[in-house]
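Structure at a glance
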Amino acid sequence: MKAMLLDHVAIATPDLDLGAAPYTALGLTPEGPDEEVAGQGVRVRAFVAGDTLIELLAPTHPDSPIAAFLERRGPGLHHTAYRVADLDAEMARLRGQGARFLSDTPAPGRAGTRVAFLHPKWGAGTLIELVEHPAGAHGQGGH
Ligand SMILES: CC[C@@H](C(=O)O)C(=O)SCCNC(=O)CCNC(=O)[C@H](O)C(C)(C)COP(=O)(O)OP(=O)(O)OC[C@H]1O[C@@H](n2cnc3c(N)ncnc32)[C@H](O)[C@@H]1OP(=O)(O)O
Ligand SMILES: [Co+2]
């Protein structure tokens, strides 16, 4: 089986400008403009870091999973995401191994992607996302 590539590392922050400060100081630049992903209750700024992205996530409303995370754990590492070519096939493959997805079907992510999340208990204490990019999409690092 081909190894999955790290698509992004996501950081929860109450405010995008506040959360961006260290990455700007490091010299990273945003891949594009900030984007709101309404279905996830987040506003996103994605910084290019070599072949991957640092995805800063701020909540857009109190019911956002990011608002709950900030309240419980404070700002910091929220999830890691792995790129797959065929999300439906990968979900079926992992379900066959007993994987526990947080929803039955993929949801829209940033930049036209489809995403699915695995429960942190299944992820041995970390939230894991799978990402399928739109066909023919070319972002940084071969995205
Ligand atoms: C920008 C769009 C998209 C993209 O394109 O990349 C995104 O990344 S959107 C990102 C935001 N969306 C999501 O996170 C959706 C999936 N998340 C959820 O459904 C929930 O956040 C959750 C993972 C189910 C957690 O919700 P919570 O209310 O805390 O549920 P539980 O109380 O059942 O928590 C279970 C257990 O898991 C621990 N936990 C929660 N969040 C995390 C986390 N990010 N990393 C590691 N562990 C996490 C939580 O503390 C509980 O642990 P125990 O207390 O030990 O039971
Ligand atoms: Co993500």
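Given the structure is predicted, the values throughout are model-derived calculations rather than measurements. Chains are numbered independently. Their residues run from 1 in the order of the written sequence. Each chain gets a letter, beginning with A, and each ligand a number, beginning with 1, in the order they are written. Thresholds applied to this predicted model are a pLDDT of at least 70 for local features of residues and 80 or more for the giving and counting of side-chain atom pairs; totals over whole chains, interfaces and linings are not thresholded and use all residues. With hydrogens and water excluded, all non-hydrogen atoms of the structure serve as input to the side-chain values.

Turning next to the coordination of the cobalt ion (ligand 2). Distances from the cobalt ion (ligand 2) to its protein donors, His8 (NE2), Glu55 (OE), His79 (NE2) and Glu129 (OE), fall at 2.1 to 2.3 Å. Donor criterion used throughout: N, O or S atom within 2.8 Å of the metal, extended to 3.2 Å for Na, K and Ca. Water excluded; incomplete-looking sites may result. Under the classification used here, a metal with four donors is tetrahedral if each angle lies between 85 and 135 degrees, square planar if opposite donors are over 155 degrees apart and the others between 65 and 115, a six-donor metal meeting that same test is octahedral, and anything else is irregular. Classification of the site at the cobalt ion (ligand 2) as octahedral follows from its six donor atoms and the range of 76 to 173 degrees in their angles at the metal. On the primary sequence, the residues serving as donors to the cobalt ion (ligand 2) are separated as H-x46-E-x23-H-x49-E. In this pair, His8 is assigned in strand 1 (residues 5-12) and His79 in strand 5 (residues 76-83), connecting sequence segments 71 residues apart. Judged on exposure class, the residue His8 and its partner His79 are both buried. The way it works is that DSSP assigns letters per residue, a run of H or I at least four long becomes a helix, a run of E at least two long becomes a strand, and they are numbered from the N terminus. Exposed residues in this analysis have more than 50% of their type's maximum accessible area, buried residues have under 20%, and partly exposed residues fall in between, with area computed by a 1.4 Å probe over protein chains only.

Strands sit in the order 2-3-4-1-5-8-7-6 across an open sheet of eight strands; the sheet is mixed. The sheet terminates laterally at strand 2 (35-37) and strand 6 (107-108), the two strands that pair on one side only. In this analysis, two residues are considered to be in contact whenever any of their non-hydrogen atoms come within 4.5 Å of each other. Axis lines are fitted to C-alpha atoms, over the contacting stretch for helices. Their N-to-C directions set the angle, which ranges from 0 to 180 degrees. Those strands touched by helix 1 (residues 16-26) are strand 1, strand 3 (42-49) and strand 4 (52-59), and its axis lies near 5 degrees from that of strand 3. Helix 2 (residues 65-73) contacts strand 1, strand 3, strand 4 and strand 5 of the sheet and is inclined by roughly 85 degrees relative to strand 4. Between any two strands, at least two bridges found by DSSP are needed for them to pair.

On to the site of ligand 1. Here a residue is near a molecule or strand as soon as one of its heavy atoms is found within 4 Å of it. Every one of the 25 residues lining ligand 1 counts as a neighbour, but Gln40, Glu55, His78, Arg110 and Glu129 are closest to it. We call two N or O atoms a polar contact when they sit within 3.5 Å, provided that within protein one can donate a hydrogen and the other can accept it, with sequence-adjacent residues counted only if both atoms are side-chain atoms. In this structure, an oxygen atom belonging to ligand 1 sits 3.1 Å away from a side-chain N or O atom of Arg73. Within the side chain of Lys121, an N or O atom sits 3.1 Å from an oxygen atom of ligand 1. Using only the protein atoms, space was sampled on a 1 Å grid; points where a 1.4 Å probe fits but cannot get out form cavities, open sets with protein on both sides within 12 Å along at least five of seven lines form pockets, and lining residues are those with an atom within 4 Å of a point. Put plainly, a molecule is in a cavity or pocket when over half of its atoms are within 2 Å of the grid points there. Judged by the fraction of its atoms near the pocket grid, ligand 1 is located in the largest pocket. With four residues, the top contributor of residues to the shell around ligand 1 is helix 2. Within the shell around ligand 1, the residues separate by chemical class into 11 nonpolar, eight polar and six charged. Residues are grouped as follows: nonpolar covers Ala, Val, Leu, Ile, Met, Phe, Trp, Tyr, Cys and Pro; charged covers Asp, Glu, Lys and Arg; every other residue, Gly included, is treated as polar.

Further remarks concern helix 2. Regarding helix 2, the residues found buried are Ile66, Ala67, Phe69 and Leu70. With its buried residues spanning 160 degrees around the axis, helix 2 presents them on a single face. Among the exposed residues of helix 2, those pointing more than 90 degrees away from its buried face are Glu71 and Arg72. In this fold, the buried residues of helix 2 make contact with strand 1, strand 3, strand 4 and strand 5. Two to three positions downstream of the cap, the backbone nitrogen of Ile66 sits 3.0 Å from a side-chain oxygen, assigning the N-cap of helix 2 to Ser64. In the segment just after helix 2, Gly74 is the residue with positive phi, at about 80 degrees. Directions drawn from the helix axis to the C-beta atoms are what define this arc.

UniProt positions are given in the numbering used here, feature names are shortened, and annotations may be inferred rather than shown by experiment. The residues that UniProt annotates with the feature "domain: VOC" (unreviewed entry) are residues 5-133. Across residues 5-133, the secondary structure splits into 22% helix and 37% strand, with the terminal C-alpha atoms separated by 12 Å.

In this text, buried Ala, Val, Leu, Ile, Met, Phe, Trp, Tyr and Cys residues form a nonpolar core when linked through side-chain atoms within 4.5 Å. If you look at the biggest cluster of nonpolar residues, it comprises 10 residues: Val84, Leu87, Met91, Leu94, Ala99, Phe101, Ala116, Leu118, Ile128 and Leu130. If you list the elements that add at least two residues to this core, you get helix 3 (87-95), strand 7 (114-118) and strand 8 (127-132). Among the elements that line this core, the one with the most residues is helix 3, at three residues. Among residues more than four places away in sequence, those in contact with Leu87 are Pro106, Arg114, Val115, Ala116, Leu130 and Glu132.

Turning our eyes to something else, we now look at the layout of surface pockets. One water molecule sets the probe size; rolling that probe over the atoms shows where empty space is left. When its volume is computed, the largest pocket comes out at roughly 860 Å³. Top contributing element to the lining of the largest pocket by residue count: helix 2, with six residues. For the lining of the largest pocket, the class distribution of residues is 19 nonpolar, 12 polar and seven charged. Grid points are joined across faces, edges and corners, and a volume is the space filled by probe spheres set on the points. Its boundaries defined by the atoms lining it, the second largest pocket holds a volume of some 280 Å³.

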